[in-house]
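# Structural overview for review
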Amino acid sequence: MNIGDRVRLLTGREEGIVTRLLDNDLVEVAIDNDFTIPVLRREVVVVAAEETKAFGQSAAAIASEKKAASIGAAQAARAAGATPAAAAAAPKKSEGPAGLPAAKDVPPPVQKGVYLALTHQSPELLALQLVNHTDRDVLYTFGEERVGQYRGLGSDKLAAKSVSKPLGHWHLKDFDQWAAPVVQLLPFQTNGTTAFELITKRIQFKAASFYTSRQPNVPVLQREAYLFQLDEKPAAPVAIAPEKLAETLKAQLTGNAPAKPAAVAPAPEPAKAIVAPPHEVDLHLEALMPEGAEGLSNTAILKLQLEAFEDTLSRALATNMHEIVFIHGSGNGTLRKELHKLLSRNRDIKFFEDSKKEKFGYGATLVRLK
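Residues numbered from 1 in each chain as written. Predicted model: local features only at pLDDT ≥ 70, side-chain atom pairs only at ≥ 80, totals over all residues. Heavy atoms only, no water.

As annotated in an unreviewed UniProt entry, the protein carries the name Smr domain-containing protein and comes from Hymenobacter gelipurpurascens.

### A closer look at the overall build of the protein
Along the protein, the regular secondary structure elements total nine helices and 19 strands. Taken across its 370 residues, the protein has 34% of its residues classed as buried. Put simply, the protein shows about 22600 Å² of open surface, and 54% of that area lies on carbon and sulfur atoms. (Helix = DSSP H or I, 4+ residues; strand = E, 2+ residues; numbered from the N terminus. Buried < 20%, exposed > 50% of the residue type's maximum accessible area, 1.4 Å probe, protein only. Areas by Shrake-Rupley, 256 points an atom, 1.4 Å probe, with all protein chains shown as cover.)

### A short note on the packing of aromatic side chains
Applying the stated rule across the entire model yields 11 aromatic pairs. Note on phenylalanine 175 and tryptophan 178: the rings are 4.8 Å apart at their centroids and 50° apart in plane angle, and the pair reads as tilted. A relative accessible area of 12% means that phenylalanine 175 is categorised as buried. On the basis of relative accessible area, tryptophan 178 is assigned to the buried category, the value being 11%. With centroids separated by 4.7 Å and ring planes inclined at 65°, the aromatic side chains of phenylalanine 309 and phenylalanine 326 adopt a geometry described as edge-to-face. Highlighted residues: phenylalanine 309 in helix 7 (residues 298–318) and phenylalanine 326 in strand 17 (residues 323–327), separated in sequence by 17 residues. You can call phenylalanine 309 buried: its relative accessible area is 2%. With relative accessibility at 0%, the residue phenylalanine 326 sits in the buried group. (Phe/Tyr/Trp six-rings, centres within 6.5 Å; stacked < 30°, edge-to-face > 60°.)

### Focus: the sheet that holds strand 9 (residues 149–158)
On the basis of which strands lie adjacent, the open sheet formed by four strands has the order 9-8-12-13 and antiparallel pairing. This sheet does not close on itself; its edge strands, each paired only once, are strand 9 and strand 13 (199–202). Neighbouring strand axes in the sheet, compared pairwise and without regard to direction, differ in orientation by 20° on average. Pairing of strand 12 (residues 180–188) with strand 13, which is carried by four bridges, proceeds in the antiparallel orientation. Paired with valine 182 across the bridge in strand 13 is arginine 202. (Pairing = 2+ DSSP bridges. Axes fitted to C-alpha atoms, helices over the stretch in contact; angles between N-to-C directions.)

### A short note on helix 8 (residues 334–345)
With 12 residues, helix 8 should reach 16 Å at 1.5 Å per residue; the first-to-last C-alpha distance of 17 Å fits that figure. Among the residues of helix 8, Leu335, Leu339, His340 and Leu343 are the ones counted as buried. For helix 8, the buried positions fall inside an angular range of 130° around the axis, keeping them on one side. Its buried side turned inward, helix 8 meets helix 7, strand 17, strand 18 (349–354) and strand 19 (364–369). (Expected span 1.5 Å × (residues − 1). Arc of directions from axis to C-beta. Contact = heavy atoms within 4.5 Å.)

### With respect to the environment of arginine 202
Mapped onto the elements, arginine 202 comes out in strand 13. Owing to a relative accessible area of 41%, arginine 202 belongs among the partly exposed residues under this scheme. Sequence spacing of arginine 202 and glutamine 184 is 18 residues, and the spatial spacing of their C-alpha atoms is 8.8 Å. Not counting the four nearest positions on each side in its chain, arginine 202 is found in contact with Glu145, Ala180, Pro181 and Val182.

### Section: the nonpolar core
Within the largest apolar cluster, 25 residues are counted, with the highest numbers of intra-cluster contacts made by Leu118, Trp178, Phe205 and Phe210. Counting only elements with at least two residues in this core, the list comes to strand 6 (113–120), strand 7 (125–133), strand 8 (137–146), strand 12 and strand 15 (223–229). Setting aside chain neighbours within four positions, we find phenylalanine 210 in contact with Leu118, Leu126, Leu172, Phe175, Trp178, Phe205, Tyr226 and Phe228. (Core = buried A, V, L, I, M, F, W, Y, C linked by side-chain atoms within 4.5 Å.)

### What to know about the sheet that holds strand 16 (residues 280–282)
With mixed pairing, the four strands of this open sheet are ordered in space as 16-17-19-18. Pairing within the sheet leaves two strands with one partner each, and these edge strands are strand 16 and strand 18. Averaged over all neighbouring strand pairs, the angle between strand axes comes to 20°, with direction disregarded. The pairing of strand 16 with strand 17 spans three bridges and is parallel. Paired with valine 281 across the bridge in strand 17 is phenylalanine 326. Taken strand by strand, helix 8 contacts strand 17, strand 18 and strand 19, and its axis lies near 160° from that of strand 18.

If you want it as structure tokens, here you go:
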């Protein structure tokens, strides 16, 4: 069982996508992306590809695709400034014979290159993959940047005309909170005669451009995806005036043509050093915003506290800390409950428990990191 596998619950008819491997006996499953739940491995079974070939799509999968299409249309309409109702009332694109799209509606073919593709696993759950639509192998690293801090997540070799394993799973409902993916590419070719420059690409997603990046049938991937090119596009050809063409050709043939300067890609900016957080981190509003936060709703305050928690935890993991204490207070227990929910889903956490009850009561949580 791997991340990205479609599974069915043995105790019901629900299907979902495996989004995390929590431990040897427990996995996290997104049920049509409406909610995620931890499930014992023995209580789910992988839906085999042969089942779809023999019996067609399941009712859950068909409903999932229809919902994904409607959600995508509504979000694209919002990104363009239109309401979902206005989008539904808009005239449909012209069609050719037998309902096929007219030639002017067919999107241009995807050019050769290396792409970041986001594909629907369920209506709102997207998987991130790299697509190598070239004739060369590519070495790559994948990471993310959040609040100015970079965190490396993986690296591998991607063969020519192939697709990487899922690099992550993101929820559309959290679009505004997505980190910026950072990908480094180094193409190479065995026995080749060309040395390639390292390419570093950082993508900051914006709603208006994200929903217009959808391609119906991505090469190599062979399915619909939101597509973003990572490698540099070839330079446009330089036009030469007819009267200078003969002179240029003669200079090249006689070896008198001026040498072209070597194209050197600008060096990527070095990632900022990650600073380890203190051993005890106070998540109270007055500690996060000493200058005051008048007018903030309870929802906005909770969001601010959770962002501070996630940033601190990622820095603690990146700097190899063994443990960290989060002071959240007692109160009505909302913040404590949300923190424990996030911690229970993080596979980099060894365990967590209430910290120093004699000092904090139930107002702090000790987190032990792997």
